[in-house]
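Reading the structure
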Amino acid sequence: MARTVSAIALTSEERPQLTSNQWKVVSFCAVGGMLEIMDVYIIAFILAVITKPWKLSYGESAGVLLASGVGAVVGSFFWGYVADRVGRKRAFVATIVTCSAASLALVFTPQGNWMFLATLRTIVGFGTGGFFIFVVLVQEFVPASTRGFVCGLISGAAAGGLLLGAISGSFLMPIIGWRGLFAVGAVPIFLGIAVVYLMPESPRWALSRGDVALARRSLAWALGAGADIESVVRAYSTAERPPAWREVLSHPRSLITGTVINFGVVTAYYGIVLWAPTLLAQIERVSGAQAAKMMMAMSLAGLLCRLTTGWLSDRVGRRPCGAVAACGAAVCLVIAGLVGHSVMLHRELFWLPFAAAFLLADCSFAIMGMYTSEIWPSRLRGRGSGVSYGAGSVGKIIGPLGLALVIGSSSVISPAATVGAIVPAFGYLAAMLLIAGATYLFVARETRGRSLEDLDREA
């Protein structure tokens with residue numbers, strides 16, 4: 001009976017209930033991801049308040065906005081190395097401490113000193129570059145049969161971070177000011193302290209490094225008393241030396257799949273988000289406040305879509321869910337562009353295909369995060385996920401840059417959204433999604449219901 005507990009708890013295709021400690025890991029990672037994402041996006045609301053009194057130029061404002069993106073690209077590689085070298089838990093705590101410390105330091109930004117602001121925002125972005133570690137940690141603690149669902153929870157929490165940032169900027173900042181809002185960004189440090197004392201190291205990481213004693217303690221904590229953990233331990237019979245970066249290149253299928261999917265989905269998603277409020281206001285002829293409410297409603301629906309997609313991926317597979325979400329979003333974008341340009345249907349219906357594209361892009365995000373971590377062997381999961389996430393971070397910069405080039409805008413940070421440019425712009429974003437969808441169809445391998453040990457042996 002004890003052996004059955006172990007098999008069901010971490011490796012089988014049955015769908016057991018998570019233990020209370022497994023839920024604890026999911027909760028820590030979900031809250032941590034939500035708060036880190038909130039840290040990234042509150043700058044948009046703060047800039048809206050300080051740009052005029054600080055007399056910031058377009059270039060200076062752009063430098064502040066781009067800073068976190070540049071930091072995230074570097075951070076994704078660094079934290080991937082740290083997660084493989086010293087452990088997932090330590091990397092998790094380190095990313096939170098980095099973001100919290102930088103946010104607290106931002107409270108003391110000298111009035112009008114945009115370079116100080118940009119420098120510390122780079123550090124915030126550097127910390128959030130390790131967001132993928134939250135997904136990795138959850139995957140290495142939960143059953144194979146529910147990895148998709150719990151990763152959907154993490155992705156949904158990240159979307160919640162966007163909403164939390166918007167709510168903080170709209171309702172909290174008028175009360176506590178922009179310095180107070182930066183101080184709120186330091187709150188995650190308490191979560192980091194809790195993790196130090198309440199959560200053990202990932203058992204999969206410990207086994208991949210040959211630390212069987214640590215792995216047994218972690219497995220016993222996660223599965224509860226009486227569980228036979230030997231079926232998992234036996235999958236890692238020999239200790240392995242720390243991996244080198246060059247070993248990432250020895251898994252070309254995982255490398256291509258992870259980087260292309262992340263780049264395509266993130267590039268398109270951030271382009272959609274960038275243009276959404278303005279286009280809704282222009283085409284639907286509503287006020288900016290009404291467009292913001294429409295965006296909030298779409299974001300809430302997107303959060304639910306991420307949760308649903310995670311659940312669905314455990315039943316029909318990652319590849320079909322990823323391909324349908326990405327290709328479906330691309331088709332809806334093309335239709336939305338044609339409707340918005342009055343080529344087909346009525347312009348007043350623009351919101352319908354556009355909202356569908358937005359929600360399917362959210363579904364793509366949910367699949368992307370979980371899948372591009374699963375495809376890497378445990379000993380390389382940090383580095384491989386970091387490279388994939390880094391490609392997505394580059395996409396956050398390429399998204400608006402590509403839009404600017406396609407529509408001939410002089411602004412490469414926030415190219416003006418116009419109805420006349422909607423067809424080529426949406427065509428560009430759709431192409432990014434189609435590339436990701438094609439990668440799911442023709443390159444990716446299915447991981448649904450497969451234990452990480454089985455995937456390791458196939459890698």
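Residues numbered from 1 in each chain as written. Predicted model: local features only at pLDDT ≥ 70, side-chain atom pairs only at ≥ 80, totals over all residues. Heavy atoms only, no water.

1. Describing the overall build of the protein
The cut-off we apply is this: Per the convention used, a helix needs a DSSP run of H or I reaching at least four residues, while a strand needs a run of E reaching at least two, with both numbered from the N terminus. The globule rule used for comparison is 2.2 Å times the number of residues to the exponent 0.38, while the radius of gyration itself is calculated over C-alpha atoms. Burial status follows relative accessibility: with a 1.4 Å probe on protein chains alone, a residue under 20% of its type maximum counts as buried, one over 50% as exposed, and anything between as partly exposed. We call two residues in contact whenever any of their non-hydrogen atoms come within 4.5 Å of each other. For every accessible area listed, the method is Shrake-Rupley and the probe measures 1.4 Å; residues are considered covered only by the protein chains on display. For this count, His and the chain ends are skipped, Lys and Arg are scored as positive, and Asp and Glu as negative. Each charge is placed at NZ for Lys, CZ for Arg, CG for Asp and CD for Glu.
Assigned secondary structure in the protein consists of 18 helices and 0 strands. A compact globule built from 459 residues should have a C-alpha radius of gyration of about 23 Å, and the protein, at 22 Å, falls within 12% of that. Overall, the C-alpha framework of the protein stretches about 65 × 50 × 40 Å when taken along its three principal axes. A buried classification covers 57% of the 459 residues belonging to the protein. Considering only contacts in the protein between residues 6 or more positions apart, those separated by 24 or more positions represent 83%. Element-wise, carbon and sulfur atoms account for 70% of the exposed surface of the protein, whose accessible area totals about 17,500 Å². Across the protein, the 35 positively charged side chains and the 23 negatively charged ones have centroids separated by 4 Å.

2. Considerations on the packing of helix H12 (residues 252-284) against helix H16 (residues 381-407)
Test applied: Interaxial angles span 0 to 180 degrees and are taken between N-to-C directions of axes, which are lines fitted to C-alpha atoms, for helices over the stretch in contact. Here roughly perpendicular refers to angles of 65 to 115 degrees, roughly parallel to angles under 35, roughly antiparallel to angles over 145, and oblique to all remaining angles. A crossing counts as left-handed when the near helix is turned anticlockwise from the far one by less than a right angle, and as right-handed when that turn is clockwise. In this classification, the charged set is Asp, Glu, Lys and Arg, the nonpolar set is Ala, Val, Leu, Ile, Met, Phe, Trp, Tyr, Cys and Pro, and all remaining amino acids, among them Gly, are polar.
H16 packs onto H12 with a crossing angle of 45 degrees between their chain directions and a minimal axis gap of 7 Å. Relative to H16, the element H12 is oriented oblique. The two elements H12 and H16 cross, and the hand of that crossing is right-handed. Broken down by class, the residue content of the contact of H12 with H16 amounts to 14 nonpolar, 9 polar and 1 charged.

3. Some points on the environment of Ser-378
The condition that has to hold: We define a polar contact as two N or O atoms separated by no more than 3.5 Å, with the added condition that, inside protein, one atom must be a possible hydrogen donor and the other a possible acceptor, whereas residues neighbouring each other in sequence contribute only through side-chain atom pairs.
With respect to the helices, strands and loops of the structure, Ser-378 is situated in the loop between helix H15 (351-374) and H16. Relative accessible area serves as the criterion here: at 1%, Ser-378 is assigned to the buried category. When the C-alpha atoms of Ser-378 and Gly-129 are compared, they prove to be 20 Å apart, with 249 residues separating the residues in sequence. At 2.9 Å, the side chain of Ser-378 and the side chain of Asp-456 are in polar contact.

4. Section: the confidence of the model for the protein
Let me state the cut-off plainly: The quantity called pLDDT is the predictor's confidence in a given residue, expressed from 0 to 100.
Scored by pLDDT, the protein comes out at a mean of 86, with 92% of its residues at no less than 70. Between the elements of the protein, mean pLDDT differs from a low of 44, seen in helix H1 (residues 2-10), to a high of 95, seen in helix H4 (residues 88-106).

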